[in-house]
Amino acid sequence: MALYAKAAEILEKVETKQAAVKTLVFDSKFQNIKQLFALVCETHKFSSILTEIIESTKLLKQTKIKMNLAKVLVYDLVIGKGLKCGGAWKALMMKHRSRLQAALARMKIKQKVSCNKDLLPSNLQKPEGDNLPRYVRVNTLKTTVEDTVDYFKREGFSYLGQAYRLDDLKLNGKSFVGDLHLSDLLVFSPKTDFHDHYLYKAGHIILQDKASCLPAFLLNPPTGSHVLDACAAPGNKTSHLAAIMKNKGKLFAFDLDAKRLATMSTLLLRAGVLCQQLANQDFLKVDPDGLQYKDVEYILLDPSCSGSGMVCLRDEVLPSQKERDSRRLKALAAFQLRCLNHALRFPRLQRLVYSTCSIHTEENEQVVAACLQQNPSFRLVPLLQQWPERGLSPLTQCLRASITKTLTHGFFVALLERHTAQSLKEQASQTLCNPVAEMVSFNPSASEGKPEEVITTEHGDEEDKDEAAEVVTTEHGDEDAQEPADTTKDADVTEQAVADEEKTRTLGGAKRKRKIKDREVEAVELTTNEKQTDCSGGKAHVRHYQYAAIHHIISSKANSPRQTEQQAKHHKRLVKGESYTRRETV
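It should be emphasised that the depicted structure is a prediction, and the values quoted were computed from it without experimental measurement.

The rules we used
- Per-chain numbering applies: the sequence of each chain, read as written, is numbered from 1 onward.
- A pLDDT threshold of at least 70 governs which residues receive local features in this predicted model, and a stricter bar of 80 or more applies before side-chain atom pairs are shown or counted, although totals over entire chains, interfaces and linings include all residues.
- Water and hydrogen atoms were dropped before computing side-chain values, which therefore reflect all heavy atoms in the structure.
- When DSSP finds two or more bridges between a pair of strands, those strands are recorded as paired.
- Here a helix means four or more residues in a row that DSSP labels H or I, a strand means two or more in a row labelled E, and each is numbered from the N terminus.
- Note on geometry: axes are C-alpha line fits, over the in-contact stretch for helices, and angles between N-to-C directions span 0 to 180 degrees.
- What counts as a salt bridge is simple: a side-chain nitrogen of Lys or Arg found within 4 Å of a carboxyl oxygen of Asp or Glu.
- Think of it in three bands: residues with accessible area under 20% of the maximum for their type are buried, residues over 50% are exposed, and the middle band is partly exposed, with areas taken using a 1.4 Å probe on protein chains only.
- Here the word oblique covers every angle except those under 35 degrees (roughly parallel), over 145 (roughly antiparallel) and from 65 to 115 (roughly perpendicular).
- Handedness of each helix crossing follows the sense of rotation of the near helix against the far helix: counterclockwise by less than a right angle gives left-handed, clockwise gives right-handed.
- Residues are treated as being in contact if the distance between any of their heavy atoms lies within 4.5 Å.
- Lys, Arg, Asp and Glu make up the charged group, whereas Ala, Val, Leu, Ile, Met, Phe, Trp, Tyr, Cys and Pro make up the nonpolar group; the residues left over, Gly among them, are polar.
- Helix span, as expected, comes to 1.5 Å for every residue beyond the first.
- Think of the arc as the fan of directions from the helix axis to the C-beta atoms.

Examining the sheet that holds strand E2 (residues 158–162)
Thinking step 1. Taken together, the 5 strands give an open sheet; going across it, the order is E2-E3-E4-E1-E5, and neighbouring strands pair in mixed fashion. With one partner strand each, in any of the chains shown, E2 and strand E5 (205–207) form the two edges of the open sheet. Across the sheet, the mean angle from the axis of one strand to that of its neighbour is 30°, orientation sign disregarded.
Thinking step 2. The sheet contact formed by E2 and strand E3 (residues 175–178) spans 3 bridges and is parallel. What sits directly across from Ser-158, in E3, is Ser-175.

Shown next as structure tokens:
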């Protein structure tokens, strides 16, 4: 009876994505580990078939037992080698044996198969995950990567150095390499078992899939910062964050399940984590304005998801389950969006990583897109340009992971960053200055050579106004200075600059606009009073006129078509070098 009770308990944890099967089995301290592991794995593999048998026979209603316990008992009774227990459970199940076997036989007839294994989806008959490498994260709170490598070498493992390609991670025997993306990750051949290894028991290494290491690695909180892990259990990502923070600062970790939090506490203790503050609390009920969270600038959010990316949880949805699965995905996505919106309410938050071990776009890109639409003060940050799998378009800044493309479990990661005043200022400057830079560097006769550069300042800077119009020529500048500017092209670009300004008008405040206006009027006065005394400097003067005229136009308020036409004529005369003074504001 103890076997089935423990198997049902582990099966429930696996299906709620608490940890991998092997980790849960080895941590259970059960006497016969191999027997327990085999029962959990096989029951989980046949999970959808067992569910259909149990529901068609109404077993739960008649026996009053829970679903996961029913699954392990029914598996051994009708698919496995028979029940390995006596007493009340065996007597109870034997009463329903004939009905359960009949339900299984009907499924075989319906699907036209003769073997139980043929009932399994194709992806479970030959599991893809059997060839995934074994990833080992070195816990830098207790040791170093170099010392860990030396330890394994002394045990007879062969270290092949740092990996440079994905194919380098396809190992066999006792070979291992350093990962090509994460410096604290070692990669071993598939099915290498470390659950009984000294380094694992002592907390020097963490058995964690590479994809699961990405969230903490990409969040990368600095030493001494205040970090929040929203849905923390079982704790591998929390211990990774603590290692990155070097155990300095504060690490708030929440989980609603008290048992999971207790398991997490044990794991963190073994890993040597000291900066954590655990709370058995629903993250959605945490007050973002609480005094203890006033300095939280980094959040890792890995909420409950379908777990469809985990190899041990992957299952093909039967036609009868599609509608139920669709409803479940919608409910999960709604919950994930609530968590994400809640996390962005923390007043000093700067960066947030959102991750799932799901392959469904409903839980990934769609949640992030909806969140960005509701929170315009945050933006996506492009991640690891060399990573082989990106988020689905248009959210290609995000990362995806999969068995085939990254040799990991299925995963999704997005990094959101708050817009700062400086970033908004840079964005406004780029939008306003790019048309000018394009026009100034335009030179049809020198298209083969290096483009000329123009040094401009951002609007509102307190630098000298002459620096705003300064021209720096390249090594070909002397030859280019002989060429006249193309006034027709300049007029077209002028009109385009006016159109571009309409899109960016809202970026500046009233004070900023006033500074721009005063500055550009001064620039016009300065350039119109200049005299072209030297032919070799003619082009430089023309470029000064272009710069002043364009900025005089785009710094003015909404113009009528007549005003815009007058400005263009004014600009053409400046470019031709006509000498006259125009002081009025257009």
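Once you've had a look at it, read on.
Describing the pattern of salt bridges
Thinking step 1. For the structure shown, the criterion picks out 14 salt bridges.
Thinking step 2. Close ionic contact of Lys-45 with Glu-42 constitutes a salt bridge, the shortest N to O distance being 3.3 Å. Linking Lys-45 with Glu-42, this pair stays in helix H3 (residues 33–45), spanning 3 residues, or about one helical turn.
Thinking step 3. Residue classification places Lys-45 among the partly exposed residues on the basis of a relative accessible area of 25%.
Thinking step 4. Through salt bridges that share partners, Lys-294, Asp-295, Glu-297 and Arg-348 make up one connected network.

Overview of the packing of helix H1 (residues 2–15) against helix H6 (residues 67–79)
Thinking step 1. For the pair H1 and H6, the least separation of the axes is 8 Å and the interaxial angle reads 120°. Taken together, the axis directions place H1 and H6 in an arrangement best described as oblique. Viewed along their axes, H1 and H6 form a crossing whose handedness is right-handed. Contacts from Tyr-4, Ala-5, Ala-7, Ala-8, Leu-11, Glu-12 and Glu-15 in H1 reach Asn-68, Leu-69, Lys-71, Val-72, Leu-73 and Asp-76 in H6.
Thinking step 2. Per-class residue counts for the contact of H1 with H6 are 8 nonpolar, 1 polar and 4 charged.

Considerations on helix H8 (residues 97–111)
Thinking step 1. In this model, H8 (15 residues) spans 22 Å end to end at C-alpha, consistent with the 21 Å of a helix rising 1.5 Å per residue.
Thinking step 2. Those residues of H8 that fall on the buried side of the exposure criterion are Leu-100, Ala-103, Leu-104, Met-107 and Lys-108. For H8, the arc enclosing every buried residue in end-on projection is 140°, short of the 170-degree limit, so these residues lie on one face. In H8, those exposed residues whose orientation departs by more than 90 degrees from the buried face are Ser-98, Arg-106, Ile-109 and Lys-110.
Thinking step 3. Looking at the buried side of H8, the elements it contacts are helix H4 (47–57), helix H5 (59–63), H6 and helix H7 (87–95).
Thinking step 4. Lys-112 sits one or two positions beyond H8 and adopts a positive phi of about 60°.

A closer look at unusual backbone geometry
Thinking step 1. Look at the link from Ala-233 to Pro-234: it is a cis peptide, with omega at 10°.
Thinking step 2. With a phi angle near 50°, Asn-220 is a residue other than glycine that sits in the positive phi range.
Thinking step 3. Structurally, the position occupied by Asn-220 is in the loop between helix H12 (210–219) and strand E6 (226–229).
Thinking step 4. Judged by its relative accessible area of 46%, Asn-220 is partly exposed.
Thinking step 5. Within the chain, Lys-246 stands out as a residue other than glycine whose phi angle is a positive 60°.
Thinking step 6. For Lys-246, the location among the structural elements is in the loop between helix H13 (236–245) and strand E7 (250–254).
Thinking step 7. Here Lys-246 falls in the exposed class, since its relative accessible area comes to 56%.

Observations regarding the pairing of strand E13 (residues 411–418)
Thinking step 1. The element E13 is largely enclosed, with a buried count of 7 among its 8 residues.
Thinking step 2. Where strand E10 (residues 351–356) lies against E13, 6 bridges are found, and the strand directions are antiparallel. Bridge pairing in E13 links Ser-355 to Val-413.
Thinking step 3. Summarising the sheet, strand E11 (residues 378–380) and E13 pair through 3 bridges and their orientation is antiparallel. Bridging across to E13, Phe-378 finds its partner in Arg-418.
Thinking step 4. Bridge count between strand E12 (residues 399–401) and E13: 3 bridges; the pairing is antiparallel. Residue pairing for E13: Arg-400 is matched across the bridge by Phe-412.

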